[in-house]
Amino acid sequence: MVKLSVLDQSVISAGDTAAQAFRKTADLAQITEELGYTRFWVAEHHNTNGIAGSSPEILISHIASLTKKIRVGSGGVLLPQYSPYKVAENFKVLEALFPNRIDAGLGRSPGGSATTRLALTDGLRKSLNEFPRQISDLKGFLMNELPDSHPFYGVKAFPNQTTLPELWLLGITHRGARLAAENGTAFTYGHFITPVNGKRAMEQYYREFQPSPFLKRPKANVCIFVICAETQEKAEELALSQDLWLLRVEKGLDTRIPSLEEAKNTTLTAADRSKIVENRKRMVIGTPDLVKKELSRLSHSYKTEEFMIINNLHSFNDKVKTYTLLAEALL
């Protein structure tokens, strides 16, 4: 049986404010919980005018307080910019507030331009190559079991909890999958970023997984763009706003989601059209039956039963329709 989850980036639709984007994220969490979705994750982006979600820990707390049972987490906290100790404390607090409902999803992304990253680290030039060491430190702080040879031995992350957040590593290559496997964490593959490395990454994760206090058996999901409507024609039409949004994101332009009308009236170059065709490989667009068949195929290929659905449409009602139709078809 397929499990469905949500990744929401709190992208601001043209004409909306950041506050409205956050309200829609919270509303979507409540709606998808009622529909039977497994988990709801929020993202972390910086120095961009169209994406409101810059602090996932705060948003997690808000969403978890408005829901009852759906797991809530990050997709993901950009650990290379931060102290593993502080991230451990943040998620221990969340776990204490909402026991057995918190997912600590961690990413290696720099989080923006070089200058933006320096602003995040308060001017400290930190290497992305430290990510594996930071994961190890984070695990040690979460469990308060740093080795006595560690420079921070004796430093404890509070509050002490009988339960721990579920630890996930996010990746788009086999290297990320290997890191998750070696650390005994769950793994999310970002098909919505690049679909080409997924099969190899997932195979490596399952093959090399080492049990840990966080996870006894491998657990993985795949994040993918999905747009679903009653007809193929309608789904293709709705996708136009996401197509244009992605083009602008990739060009470093306005990152707010354009309206469908604007998308229809935008003149595209041959290069734009070619890029849209390439980007569509990151998505599933169609009727409930078509989406169900494609996710079933991908489930077999990736050897996972859980998909995280991301959907950046201008209209909130159209966005909700995708999640509703998917739930009716698959849950």
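Notes on the structure follow. Treat the numbers as computed from the prediction; the structure is a model and nothing was measured.

1. Here we look at the overall build of the chain
Point 1. Summing up its helical and strand segments, the chain has twelve helices and ten strands in all.
Point 2. Relative to its length of 331 residues, the chain is compact, with a C-alpha radius of gyration of 19 Å against a globular reference of 20 Å.
Point 3. C-alpha atoms of the chain, sized along the principal axes, occupy 65 × 45 × 35 Å.
Point 4. Burial status across the chain gives 53% buried among its 331 residues.
Point 5. Carbon and sulfur atoms make up 53% of the accessible area of the chain, which amounts to about 14800 Å² in all.
Point 6. Of the side chains in the chain, 41 bear a positive and 36 a negative charge, and the two mean positions are spaced by 4 Å.

2. Brief notes about the side chain of Thr32
Point 1. Along the polypeptide, Thr32 turns up in helix 1 (residues 18-35).
Point 2. Relative accessible area serves as the criterion here: at 0%, Thr32 is assigned to the buried category.
Point 3. The contact partners of Thr32, leaving out residues within four places of it in the chain, are Val6, Tyr37, Phe40, Ile70 and Tyr323.

3. So, the nonpolar core
Among soluble globular proteins, nonpolar side chains are generally buried collectively.
Point 1. Ranked by internal contacts, the top residues of the largest apolar core, which has 87 residues, are Tyr205 and Phe307.
Point 2. Top contributing element to this core by residue count: strand 8 (residues 220-228), with eight residues.
Point 3. Those residues in contact with Phe307, other than ones at most four positions away along the chain, are Val2, Lys3, Leu4, Ser5, Val222, Ile224, Leu295, Leu298 and Ser299.

4. Details of the environment of Glu262
Point 1. Note that Glu262 resides in helix 9 (residues 260-265).
Point 2. Separated by 239 residues in sequence, Glu262 and Arg23 place their C-alpha atoms 24 Å apart.
Point 3. Engagement of the side chain of Glu262 in a polar contact is seen with the side chain of Arg248, the distance being 2.8 Å.

Each value, and the rule that gives it
- One numbering rule holds for all chains: residues counted from 1, following each sequence as written.
- Given that the model is predicted, a residue must reach a pLDDT of at least 70 before its local features are reported, and side-chain atom pairs must reach 80 or more before they are shown or counted; all residues, however, enter totals for whole chains, interfaces and linings.
- Excluding hydrogens and water, the side-chain figures rest on all heavy atoms present in the structure.
- Helix numbers and strand numbers start at the N terminus; a helix is a DSSP run of H or I with at least 4 residues, a strand a run of E with at least 2.
- Note that the radius of gyration is over C-alpha atoms, with the globule rule given as 2.2 Å times the number of residues to the power 0.38.
- Three labels apply to residues, based on accessible area from a 1.4 Å probe with only protein chains included: buried if under 20% of the type maximum, exposed if over 50%, partly exposed otherwise in between.
- For the area figures, the Shrake-Rupley method with a 1.4 Å probe applies, and any residue is considered shielded solely by the protein chains shown.
- Only four residue types enter the tally: Lys and Arg on the positive side, Asp and Glu on the negative side; His and the chain ends are excluded.
- Charge placement uses NZ in Lys and CZ in Arg. For Asp and Glu, CG and CD serve respectively.
- Contact definition: two residues touch when any of their heavy atoms are within 4.5 Å.
- Residues enter a nonpolar core if they are buried and are Ala, Val, Leu, Ile, Met, Phe, Trp, Tyr or Cys, with the set joined through side-chain atoms within 4.5 Å.
- Two N or O atoms form a polar contact when they lie within 3.5 Å of each other; inside protein one atom must be a possible hydrogen donor and the other a possible acceptor, and for residues adjacent in sequence the pair counts only when both atoms belong to side chains.

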